[in-house]
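Now for the letters of each chain:
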Amino acid sequence: MKMKFVTFRGGIHPPEAKEATEHLKTEKAVEPTIVVIPMQQHIGAPCEPIVQAGEIVKVGQKIGEAQGFVSAPVHSSVSGIVKAVTDVPVATGNEALAVIIESDGKNEIDPSIKPKGDIEKLQPKEIVDAIKEAGIVGMGGATFPTHVKLSPPPEKNIDTIILNGAECEPYLTTDHRLMLEKPEEIVYGLKAMMKAVGVKKAYIGIENNKPDAIEVMLKAIEKEDEIKVVALQTKYPQGGEKQLIYAVTNKEVPSGGLPMEVGVIVSNVATAAQIALTIKTGMPLIERVATVTGKAIKNPKNILFKIGTPVNKLIEECGGYATTPGKLILGGPMMGNAQHTDEIPAVKGTSGILVFDQEQAKQPNPRNCIRCARCVEICPANLQPLYISENSLANRMEQAENYRALDCIECGSCSYVCPARRPLLPSIRVAKNQIIAKKREQKNNK
Ligand code: SF4
Ligand code: SF4
């Protein structure tokens, strides 16, 4: 079939580096002996633990209660005994409260886990409630609670859902494998989302470096008149929400606005598959797939793991380190978070565990900006990264804000192309954090 490949303005094409895992079937990780389940694995308020040391828990049992609407409960991924409820190091680089559970290896399912019924019969609110209770969050890595996305204010006229199957980050192949291995689940989950919001039009956007996934998903939607598969040009950050919306619908989300301003909700293919699982079986989000890869990993894999499995255990399952590791990143190389240690739990947002060798991890020294404007040409958010960065480094945050620092989607493309190796993204992040903190302070003082 001939397809037109759509895209957005700007962007880059870094080496894809997916060949180590893109053809490997997803493998199930061995049962962890210990899981460390943080109470905050989502954007929003952290959960309150509702179990104590010494308590017996089952698979799927709720162990952390959401606090407020923008929050998501957490559940046990194993059956066993709670060893402690305590602060542990997590992927943010800080410590956070977590429930530590020793697995009994029996995988006894909590009696509360029951199928939710057929989506044809479920009411929209019942679907949203099931998603909320299952602790489902954006599994592309953003971890925004999905029930919040599916509950737009009544004045917003949502008419389109776009499923993100772009997986534009180098190295990562979990969404690619999921589309090949569970296409029906993805479509079922998408239909549940459409019913929840009352939407009659949906797209699944897939980059054209995954022709097999495009083919499989086209087949999966053969009988679905309201769903289309859109082939996207392979370009980073094609999976960014605003970039994806523009590529698929030609609509531009206004500066500072959300996708709902243009009537669109964007979700990830993995989130859709989890929604299908929850509706069909009642099981909350207790496991997910991550790509464990990079030059310093002996046997890269796509691995289905239980939430809370320590990262070093998943690396061990991939044969361990092939060489002295230089850098560990959770997520992809462009937007993921560098880690100081592998003794942290893999969580709901862990789409990748990437380990560079020492050579790849080397950071060249930054030189003066040569005003080449390459960062401006490629910025997908239409910003002038050099000026935001300059103002941030000089602590002129108001000017950085005037240059629309808050519109930066933190894709890292500017840092990637800069011939002077300027620390563009890190300095822009500092500006964003300070501007947001100041706004919050001003709001609290009102
Ligand atoms: S300024 Fe932000 S959005 Fe623009 S290229 Fe840099 S990181 Fe990406
Ligand atoms: S790409 Fe680097 S050197 Fe070129 S204008 Fe931007 S900051 Fe300056």
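Residues numbered from 1 in each chain as written. Chains lettered and ligands numbered in written order. Predicted model: local features only at pLDDT ≥ 70, side-chain atom pairs only at ≥ 80, totals over all residues. Heavy atoms only, no water.

A.B. asks: Residues and numbers for the site of ligand 1, please.
C.D. replies: Contacts to ligand 1 come from 13 residues, most closely from Cys 379, Cys 408, Cys 411, Gly 412 and Cys 414. Secondary structure elements with two or more residues in the shell around ligand 1: helix H13 (413-417) and helix H14 (424-445). Of the residues that constitute the shell around ligand 1, the class distribution is 10 nonpolar, 2 polar and 1 charged. (Near = heavy atom within 4 Å. Helix = DSSP H or I, 4+ residues; strand = E, 2+ residues; numbered from the N terminus. Nonpolar A, V, L, I, M, F, W, Y, C, P; charged D, E, K, R; others polar.)

A.B. asks: Got a sec to walk through the pattern of salt bridges? Specific residues and values, please.
C.D. replies: For the structure on display, the rule yields 21 salt bridges. As a salt-bridge pair, Glu 27 and Lys 301 come within 3.2 Å of each other at their nearest N and O atoms. Placement of Glu 27 in strand S1 (residues 27-28) and of Lys 301 in strand S14 (residues 301-306) is noted, with a sequence separation of 274 residues between them. Classification of Glu 27 as partly exposed rests on a relative accessible area of 37%. The salt bridge partner of Lys 362 is Glu 359, with a shortest N-O separation of 3.2 Å. This pair shows no difference in class: Lys 362 is exposed, exactly as Glu 359 is. (Salt bridge = Lys/Arg side-chain N within 4 Å of Asp/Glu carboxyl O. Buried < 20%, exposed > 50% of the residue type's maximum accessible area, 1.4 Å probe, protein only.)

A.B. asks: So, the site of ligand 2: which residues are in play, and what are the values?
C.D. replies: Neighbouring ligand 2 are the residues Cys 369, Ile 370, Arg 371, Cys 372, Ala 373, Cys 375, Leu 386, Cys 418, Pro 419, Ala 420, Arg 422 and Leu 424. In terms of residue class, the shell around ligand 2 is built from 10 nonpolar, no polar and 2 charged.

A.B. asks: Give a description of the nonpolar core that names residues and reports values.
C.D. replies: In this structure, Ile 161, Ile 186 and Ile 204 are the most contacted members of the largest nonpolar core, which totals 45 residues. Breaking this core down by element, the ones donating at least two residues are helix H1 (124-133), strand S9 (160-165), helix H3 (174-181), helix H4 (183-197), strand S10 (202-207), helix H5 (211-220), strand S11 (227-232) and helix H7 (269-281). Looking at this core element by element, the count peaks at 9 residues for H4. Beyond its immediate stretch of four places on either side in the chain, Ile 161 contacts Leu 190, Met 193, Met 194, Val 197, Val 199, Lys 201, Ala 202, Tyr 203 and Ile 265. Counting 25 residues, the second-largest nonpolar core is a separate cluster that includes Met 334, Ala 381, Leu 386 and Cys 411. (Core = buried A, V, L, I, M, F, W, Y, C linked by side-chain atoms within 4.5 Å. Contact = heavy atoms within 4.5 Å.)

A.B. asks: Give me the sheet that holds S10: which residues, what numbers.
C.D. replies: Pairing within the open sheet is parallel, and its 4 strands lie in the order S11-S10-S9-S12. Edge positions in the sheet fall to S11 and strand S12 (264-268), since each of these pairs with one other strand and no more. With direction set aside, neighbouring strand axes in the sheet form an average angle of 25°. Across 6 bridges, S10 lies against S11 in parallel orientation. Following the sheet pairing, Ala 202 is matched in S11 by Ile 227. (Pairing = 2+ DSSP bridges. Axes fitted to C-alpha atoms, helices over the stretch in contact; angles between N-to-C directions.)

A.B. asks: How would you sum up the domain arrangement of the chain? Please name residues and give values.
C.D. replies: Domain parsing of the chain yields domain 1 (31-104 + 284-360), domain 2 (124-281) and domain 3 (374-445). Taking the mean C-alpha position of each, domain 2 and domain 3 sit 28 Å from one another. Listed by partner, the interface residues are 6 residues for domain 2 and 7 residues for domain 3. Buried area between domain 2 and domain 3, summed over both chains or domains, comes out near 470 Å², and the portion from carbon and sulfur atoms is 47%. Across the contact surface, domain 2 and domain 3 share 0 salt bridges. Taken together, the connections running from domain 2 to domain 3 amount to 4 residue pairs in polar contact (both at pLDDT 80 or more). Here the side of domain 2 that touches domain 3 is composed, by residue class, of 2 nonpolar, 3 polar and 1 charged. (Domains from an automatic or database assignment. Buried area = accessible area lost by both parts, 1.4 Å probe. Polar contact = N/O pair within 3.5 Å; in protein donor to acceptor, adjacent residues only side chain to side chain.)

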